[in-house]
Amino acid sequence: MKKLINSPENVVREELEGIQLAHGDRVRVSLDPFYIARKDAPSKGKVGLVSGGGSGHEPMHGGFVGLGMLDAACPGHVFTSPTPDQMFEASKAIHGGAGILHIVKNYTGDVMNFDLAADMLREEKIEVASVLTDDDVAVQDSLYTAGRRGVGLTVLMEKLLGAAAEKKMDLAKLKALGDSIRATGRSMGMALTPCTVPHAGKPSFELGENEMELGIGIHGEPGRKRVPMAPADQITEMLMEPILSDLPFKRGESIILFVNGMGGTPLIELYIIYRKAAQIAEKHGVKIARNLVGSYITSLEMAGTSITALRADDNLISLWDAPVNTPALRWGI
Amino acid sequence: MKKLINSPENVVREELEGIQLAHGDRVRVSLDPFYIARKDAPSKGKVGLVSGGGSGHEPMHGGFVGLGMLDAACPGHVFTSPTPDQMFEASKAIHGGAGILHIVKNYTGDVMNFDLAADMLREEKIEVASVLTDDDVAVQDSLYTAGRRGVGLTVLMEKLLGAAAEKKMDLAKLKALGDSIRATGRSMGMALTPCTVPHAGKPSFELGENEMELGIGIHGEPGRKRVPMAPADQITEMLMEPILSDLPFKRGESIILFVNGMGGTPLIELYIIYRKAAQIAEKHGVKIARNLVGSYITSLEMAGTSITALRADDNLISLWDAPVNTPALRWGI
Amino acid sequence: MELLSLEQLRLWIFTTAAAIEQNANALSDLDAAIGDGDHGANMSRGFTAVTKKLEAAPSTDVGAMFKTVGMTLISTVGGAAGPLYGGFFLELGKQTAGKQELDAATLSSILAAGLADIKRRGKAEVGDKTMVDALTPAVDAMQLAGNDITAATRAAATTARDAAEKTSPLLARKGRASYLGERSIGHQDPGATSSALLLEALAEVSAK
Amino acid sequence: MELLSLEQLRLWIFTTAAAIEQNANALSDLDAAIGDGDHGANMSRGFTAVTKKLEAAPSTDVGAMFKTVGMTLISTVGGAAGPLYGGFFLELGKQTAGKQELDAATLSSILAAGLADIKRRGKAEVGDKTMVDALTPAVDAMQLAGNDITAATRAAATTARDAAEKTSPLLARKGRASYLGERSIGHQDPGATSSALLLEALAEVSAK
Ligand SMILES: Nc1ncnc2c1ncn2[C@@H]1O[C@H](COP(=O)(O)OP(=O)(O)O)[C@@H](O)[C@H]1O
Ligand SMILES: Nc1ncnc2c1ncn2[C@@H]1O[C@H](COP(=O)(O)OP(=O)(O)O)[C@@H](O)[C@H]1O
Ligand SMILES: [Mg+2]
Ligand SMILES: [Mg+2]
Ligand SMILES: [Mg+2]
Ligand SMILES: [Mg+2]
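Quick caveat: nothing in here was measured; it's all calculated off a predicted structure.

Trainee: Pulling in residues and values, what's your account of the interface of chain A and chain C?
Mentor: Each side of the interface is counted separately: chain A has 34 residues, and chain C has 30 residues. Carbon and sulfur atoms make up 54% of the area that chain A and chain C hide from each other, which totals about 2400 Å². Our count for the contact surface shared by chain A and chain C stands at two salt bridges. Between D29 of chain C and K202 of chain A there is a salt bridge; the shortest N-O distance is 2.9 Å. On inspection of chain A and its partner chain C, the count reaches 12 residue pairs in polar contact (both at pLDDT 80 or more). If you list the elements that add at least two residues to the side of chain A that touches chain C, you get α2 (84-94), α3 (108-123) and β9 (225-228) of chain A.

Trainee: How would you sum up the arrangement of the chains? Please name residues and give values.
Mentor: Contacts between protein chains span three pairs of chains, and they are most numerous for chains A and B. What separates chain B from chain C at the closest point of their C-alpha atoms is a distance of 18 Å, and the two make no contact. Over all C-alpha pairs, chain C and chain D never come within contact, reaching a minimum spacing of 37 Å.

Trainee: Before we move on, could you go through the site of ligand 1 and cite the residues and values that matter?
Mentor: In the neighbourhood of ligand 1, 21 residues make up the surrounding shell, with D36, D38, G122, D189 and G191 of chain C lying closest. Mapping the residues adjacent to ligand 1 onto the chains of the assembly identifies chains A and C. Separating an oxygen atom of ligand 1 from a side-chain N or O atom of D31 of chain C is a distance of 3.1 Å. Residue D189 of chain C places a side-chain N or O atom 2.6 Å away from an oxygen atom belonging to ligand 1. Among the secondary structure elements, those contributing two or more residues to the shell around ligand 1 are α2 (39-56), α4 (81-95) and α8 (190-207) of chain C. The leading source of residues in the shell around ligand 1 is α8 of chain C, at three residues. Considered class by class, the residues forming the shell around ligand 1 number seven nonpolar, eight polar and six charged.

Trainee: Quick rundown of the relation of the copies chain A and chain B? Include the residues and the values.
Mentor: Least-squares fitting of chain A to chain B yields an RMSD of 0.0 Å, with the superposition described by an axial translation of 0.0 Å and a rotation of 180 degrees. Accordingly, the operation relating the two chain copies is best matched by a two-fold axis. The rotation axis passes nearest to the C-alpha of G264 of chain A in chain A, at a distance of 2.0 Å. When the interface residues of chain A are mapped onto chain B, 100% of them again lie at the interface, so the same face is used by both copies.

Trainee: Give a description of the site of ligand 2 that names residues and reports values.
Mentor: Lining the immediate surroundings of ligand 2 are 21 residues, of which D36, D38, G122, D189 and G191 of chain D lie closest. Looking at what sits near ligand 2, you find residues from chains B and D. The separation between an oxygen atom of ligand 2 and a polar side-chain atom of D36 of chain D is 2.9 Å. In this structure, an oxygen atom belonging to ligand 2 sits 3.3 Å away from a side-chain N or O atom of R176 of chain D. Among the secondary structure elements, those contributing two or more residues to the shell around ligand 2 are α2 (39-56), α4 (81-95) and α8 (190-207) of chain D. Looking at the shell around ligand 2, its residues break down into seven nonpolar, eight polar and six charged.

Trainee: Give me the lowdown on the coordination of the magnesium ion (ligand 5), citing residues and values where you can.
Mentor: Six octahedral donors at a metal ideally form angles of 90 or 180 degrees, and four tetrahedral donors ideally form angles of 109.5 degrees. All names here are of chain C. Here the magnesium ion (ligand 5) is held by D31 (OD), D36 (OD) and D38 (OD), and the distances to it run 2.0 to 2.1 Å. Read N to C, the donor residues that coordinate the magnesium ion (ligand 5) are spaced as D-x4-D-x1-D. A spacing of 3.5 Å is found between the magnesium ion (ligand 5) and the magnesium ion (ligand 3), which share D36 as a donor. Assessed through its relative accessible area of 9%, D31 is described here as buried. Classification of D36 by relative accessible area gives buried; the value is 6%.

Trainee: Please set out the packing of aromatic side chains residue by residue, giving values where relevant.
Mentor: If you walk through the whole model with that rule in mind, you get 14 aromatic pairs over all chains. Both rings, one in W12 of chain C and one in F66 of chain C, keep their centres 6.0 Å apart while their planes meet at 80 degrees; by these two values the pair is edge-to-face. Highlighted residues: W12 of chain C in helix α1 (residues 6-34) and F66 of chain C in helix α3 (residues 62-76), separated in sequence by 54 residues. Summarising the burial analysis for this pair, W12 of chain C and F66 of chain C share the class buried. Where F88 of chain D meets F89 of chain D, the ring centres are 5.2 Å apart and the plane angle is 90 degrees; that geometry is what we call edge-to-face. Judged on exposure class, the residue F88 of chain D and its partner F89 of chain D are both buried. We note R149 of chain B situated over the ring of Y179 of chain D; from NZ or CZ to the ring centre the distance is 5.0 Å.

So, how was this worked out
Residues numbered from 1 in each chain as written. Chains lettered and ligands numbered in written order. Predicted model: local features only at pLDDT ≥ 70, side-chain atom pairs only at ≥ 80, totals over all residues. Heavy atoms only, no water. Contact = heavy atoms within 4.5 Å. Buried area = accessible area lost by both parts, 1.4 Å probe. Salt bridge = Lys/Arg side-chain N within 4 Å of Asp/Glu carboxyl O. Polar contact = N/O pair within 3.5 Å; in protein donor to acceptor, adjacent residues only side chain to side chain. Helix = DSSP H or I, 4+ residues; strand = E, 2+ residues; numbered from the N terminus. Near = heavy atom within 4 Å. Nonpolar A, V, L, I, M, F, W, Y, C, P; charged D, E, K, R; others polar. Least-squares fit on C-alpha atoms with pLDDT ≥ 70 in both. Donors = N, O, S within 2.8 Å, 3.2 Å for Na, K, Ca; no water. Buried < 20%, exposed > 50% of the residue type's maximum accessible area, 1.4 Å probe, protein only. Phe/Tyr/Trp six-rings, centres within 6.5 Å; stacked < 30°, edge-to-face > 60°. Lys NZ or Arg CZ within 6 Å of the ring centre and 35° of its normal.

The values reported here are purely geometric and, on their own, carry no functional implication.
Here it is in structure tokens:
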């Protein structure tokens, strides 16, 4: 394992110290318990948006703390969901009196820990609601599974709800908006290489020179199946077709299209993927109203990509265009 | 070699088509010859800023085309400097009547090709000046070498000159400003892994599990020396100390500090590097006025980092803060 | 043996911590195969913190001690195992408030209550390839074993280890492993394995 | 042989293109060791384009043909080799404007002029570990060899190959290889190697 770290135990703390030093103008970092909060929080009468999850997905979530997006983010250890005390303290720290909305990716651990935090907050008479993301079409949803994983849609969810919260939308309406975004966004990802969790010290799986993993999550886990290596255009089809047919996205609809890198994939390759994804959307008569191309929800240094499509009406588009000022996503200000 | 590409020959063209599809609102892509230009160029009376270089360094340079930065960028084949006809056509396309400034990284090929383009432009009675970047302290400058390489400083140069050009600074003044930035910026980089040029199909060098390359450039070439793997804090010292002592940066001075990823390094590691780099600057009494952390000048999927420090007076800081709206760098608008 | 004292129950926790520490890599390897490879690290981080806490402030009664264990696990383990094991020990704490010692009947009934809390929280049933698969038969075996704690806990430990191994052929229906579908078959469940370690430690302590 | 015709000189370019194509990987490997691994790809991209151009529009005289070669290399090769080889052929073109054939004296004098252009552009001297190290002794050898083109070009080719091999122990002082400092020692220079291929092709054509 070769990494730019000092020791596996200190990765998250030292990263947080670096974020404080680099972005202290916008965020305030707590080291006990770990969380990153907006420097200007709490803002009176605004619903507080709090997310969190294992580390190793940077810039998500900490890089999305700031005006027009999250009020706080709770980083767990690498690929391990954070603990209720983090979510509790972070939520209290940024509570502006209008309640708290937790944005939670659908993993057993994340869900149970955020539930415990919500219970603790309610005991303090703080109103709490939560929105789930479970957009990964690679996982079949059924009563007999943990349900679909929350992946790329989480980034769009945090941007869009952040913009709505900034406009002082109330908790119930935010929760409803989040649920409708959850219902109309779909994603799928693939990997060319595994990644190495620092404290594990070895790759999360082995992959041959002519193999790739299709239907991966964001925790270095293997995908739904292992398939032979293919050209970028074919890979893009293997991701786009299941995404488009799952909802399904219909002819004439508009979408926000998000082509994401898994951490070790250079931007030049993401544009080659975006090129084909846009051609496929066009072929299906789906209009790309807005797009995002880059590595925003990652699995450490894993090489690979994921694609997310979200149905976008004019309201969603105006929320997308609204000003955002975070370390990782910024425009309009 | 595992990459998200269709064929080595088409990498650059397909990337450019993807950029056109993703960012057509801001840029106009020419496929013959290859260049990326501001959609709103030429802008009357504004000096046109044109840069370029081999591909594989994304987002540099194409991702920096837009308001407040470059008017055009010329991508060569991967790690191969572009040709004079590209620079000539791009410069003509964005010329607003106030002359053209070429921002050139100091590599024999880049310099000679831009020189040929400048000759062609002068034959068309277009005023041309050029600014070099040669900020890599790993290379000893002397009459007996090709001089120092242009690396990370190029990103800051393009941002700062872009802001000045937007303010309608004339060609002579821009050239002088660029030369002063060139004189006061220093960089150094290292690699944990090589990278693989698509048409080569195999890694640019071999590196053991406990080795790293110190003093690399941005073309996948080996560094000045191969040294044993070390913790992030020590690696940061190996980069920062030569940078600070070379100029040298003096106690009480302000700098813009840029911690860059080489393409395959996750953001979480860059913040660990930034943390130590900021501590070292502090120890030397050097004030970090502004910072940039991310993968902006890369070597395909290489894992590694480079650090750039630039002396920054109030004038430079206000140019840094000026609005910029490009696919890869955006704020204030 | 008829009774387990507060001191012996503290020793159970310390023995568990040592066992987790020893098997941390093995647990993470199991998790890497069908999960995300952190179960060992999560558990050892948690039980290291628990050990510190208990050594710092010796609890006055069994209930208080279990509560400390549960709270500490919840705030240090994270992931799925944190709330599940944390809730398990909180439940043990509720059931033993004020007690200084436990007999076999009480011990098996509180473990049953702890298991019930895990099932309530995680909604897993036997056969879903989770820690529930190890704990359920173990608790049953203990209830049948009667009043000798040494024998009862040994029965529970042996049953748990076998049951954990039997999770290997199962198709996961809960937790991360369920994302793998068919690919989850043929790997032993890490949580069931850590549960077996927990009960093995209890048997060891009860044998002394 | 006393004279090289326009047709034979075109054949020289085609033969060079074939040789570059054959050795593209070898040239890139040499460049990977002390540069950035693209010299083979750059040269073959350039000479493929040149071949297309010349086949599409047969030039009317030697100068026009060399000019086409130079312009095409400049707009397709890129890197350091593009302007250097491009400028080299542009210079050959200037020297041979309107000519239909060349004798040995002219041939060696125009090659000397082309080399001078490379040195002017690249500011490299003999010993800097560049293509100049192969071209300089080759051009000298040719001038000494006298009026038989077959013998003169053969002398140039052999000298160039030896000189290219002799770049291996040198410390690079120009181009990317110079960034490696001491580490550039022990590797043969790719540009010197492609220059040797260029002259070998000329010798082959002149032997027919
Ligand atoms: N819903 C559930 N009910 C009971 N146990 C579960 C459930 N989900 C997961 N587990 C247990 O948790 C273990 C994984 O724990 P751990 O790896 O620490 O958390 P995570 O899966 O969040 O990384 C699994 O092996 C399984 O035994
Ligand atoms: N200043 C120079 N003068 C003469 N030849 C040079 C000079 N710099 C580089 N070269 C030649 O160019 C070759 C490299 O060409 P190439 O790899 O195509 O370009 P680049 O170095 O830009 O990738 C070197 O092997 C060397 O022979
Ligand atoms: Mg986990
Ligand atoms: Mg090159
Ligand atoms: Mg796990
Ligand atoms: Mg080269």
